[in-house]
Amino acid sequence: VAPLPLILNDFWPPKFKFSLGTHNTGLWLLRIAASVAFIAQGIHALIQSHFGGPWPEVMAQALDHLARREFSDREASFALTVLGSIDIAVGFGLWVRRSRIAALSCVVWGVAAAGFFTAASGETRYAETMIRAALIGAPATLLCHWWLAIIEEPPTVVAKNEFR
């Protein structure tokens with residue numbers, strides 16, 4: 001879905017000039033794609049934490065390596081549940097509101113979540129880290145746009161009209 005906003009903003013439709021409507025549509029598509037990706041990754045992590053799969057083992061390896069102590073399977077599953085919940089939370093945060101903090105939290109959390117695979121096994125899981133790092137592009141693009149292209153106006157108090 002990520003190339004579609006670029007097509008809307010740069011190439012499509014060829015006979016029409018750039019408009020704010022196509023630009024906003026492209027940003028919404030990018031925002032929805034990033035949100036759905038984080039929410040889906042979170043749901044996948046929650047499912048694997050409860051029903052098993054490769055991620056609890058990866059989580060246990062990463063925790064063992066980072067904390068330098070042995071973690072039980074139950075602790076690794078709990079950590080995976082927490083990480084999946086954070087994925088869902090940042091995904092909904094990006095979906096619900098146009099917020100620089102939500103986009104920044106998606107970027108920071110995406111970097112951290114992608115790094116778990118390399119932290120777990122070093123270079124052997126580097127390919128999985130790069131696949132997960134692709135999730136960072138859409139929120140980073142939204143963050144740059146919202147930070148650089150949108151100027152927030154300070155709130156102003158409007159005087160009441162008094163009718164007699």
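Draft legend 1. Here's a closer look at the overall build of the protein. A tally of helices and strands in the protein yields seven helices and zero strands. Reading the helices (α) and strands (β) of the protein from amino to carboxyl end gives α-α-α-α-α-α-α. Burial analysis of the protein (164 residues in total) assigns 34% to the buried set. Partitioning the contacts of the protein with sequence separation of at least 6, the portion at a separation of at least 24 is 68%. For the protein, the exposed surface amounts to about 10900 Å²; the carbon and sulfur share of it is 67%.

Draft legend 2. Local environment of the packing of aromatic side chains. Tallied over the entire structure, the rule returns zero aromatic pairs. Residue placement shows Arg 31 over the ring face of Trp 28; its charged tip is 4.2 Å from the ring centre.

Draft legend 3. Spotlight on the side chain of Arg 31. By the element assignment, Arg 31 lies in helix H2 (residues 20-51). A polar atom in the side chain of Arg 31 sits 3.3 Å from the backbone oxygen of Arg 97. Setting aside residues no more than four positions away along its own chain, Arg 31 makes contact with Leu 94, Trp 95, Val 96, Arg 97, Arg 98, Leu 142 and Trp 146.

Draft legend 4. Inspection of the packing of helix H4 (residues 73-96) against helix H5 (residues 100-121) at higher detail. In contact at an axis separation of 9 Å, H4 and H5 are set at 150° when each is read in the N-to-C sense. Judged by the inter-axis angle, H4 sits roughly antiparallel to H5. As for how H4 packs across H5, the hand of that crossing is left-handed. When H4 is examined against H5, the residues Leu 83, Ile 86, Asp 87, Val 90, Gly 93 and Leu 94 are found in contact with a partner set consisting of Ala 102, Ala 103, Ser 105, Cys 106, Trp 109 and Phe 116. When grouped by side-chain class, the residues that make up the contact of H4 with H5 number nine nonpolar, two polar and one charged.

Draft legend 5. The arrangement of the nonpolar core in detail. Ranked by size, the top nonpolar core spans 28 residues in total, and within it Met 59, Leu 94, Trp 109 and Leu 142 carry the most contacts. Secondary structure elements with two or more residues in this core: H2, helix H3 (54-67), H4, H5 and helix H7 (137-148). Not counting residues up to four positions away in its chain, the partners in contact with Leu 94 are Arg 31, Ala 34, Ser 35, Ala 102, Ala 103, Cys 106, Leu 142 and Trp 146.

Draft legend 6. Examining the environment of Glu 152 more closely. Mapped onto the elements of the fold, Glu 152 is located in the segment after H7. The contacts of Glu 152, once residues within four sequence positions are left out, are Arg 98 and Arg 100.

Draft legend 7. A look at the packing of H2 against H7. For the pair H2 and H7, interaxial distance at closest approach is 9 Å and the crossing angle is 140°. Judged by the angle between their axes, H2 and H7 are oblique. For the crossing formed where H2 meets H7, the hand is left-handed. Two secondary-structure elements touch here, H2 through His 23, Leu 27, Leu 30, Arg 31, Ala 34 and Phe 38 and H7 through Ala 138, Pro 139, Thr 141, Leu 142, His 145 and Trp 146. A per-class count over the contact of H2 with H7 returns eight nonpolar, three polar and one charged.

What counts and how
- Residues numbered from 1 in each chain as written.
- Predicted model: local features only at pLDDT ≥ 70, side-chain atom pairs only at ≥ 80, totals over all residues.
- Heavy atoms only, no water.
- Helix = DSSP H or I, 4+ residues; strand = E, 2+ residues; numbered from the N terminus.
- Buried < 20%, exposed > 50% of the residue type's maximum accessible area, 1.4 Å probe, protein only.
- Contact = heavy atoms within 4.5 Å.
- Areas by Shrake-Rupley, 256 points an atom, 1.4 Å probe, with all protein chains shown as cover.
- Phe/Tyr/Trp six-rings, centres within 6.5 Å; stacked < 30°, edge-to-face > 60°.
- Lys NZ or Arg CZ within 6 Å of the ring centre and 35° of its normal.
- Polar contact = N/O pair within 3.5 Å; in protein donor to acceptor, adjacent residues only side chain to side chain.
- Axes fitted to C-alpha atoms, helices over the stretch in contact; angles between N-to-C directions.
- Parallel < 35°, antiparallel > 145°, perpendicular 65-115°, else oblique.
- Left-handed = near helix turned anticlockwise from the far one by under 90°.
- Nonpolar A, V, L, I, M, F, W, Y, C, P; charged D, E, K, R; others polar.
- Core = buried A, V, L, I, M, F, W, Y, C linked by side-chain atoms within 4.5 Å.

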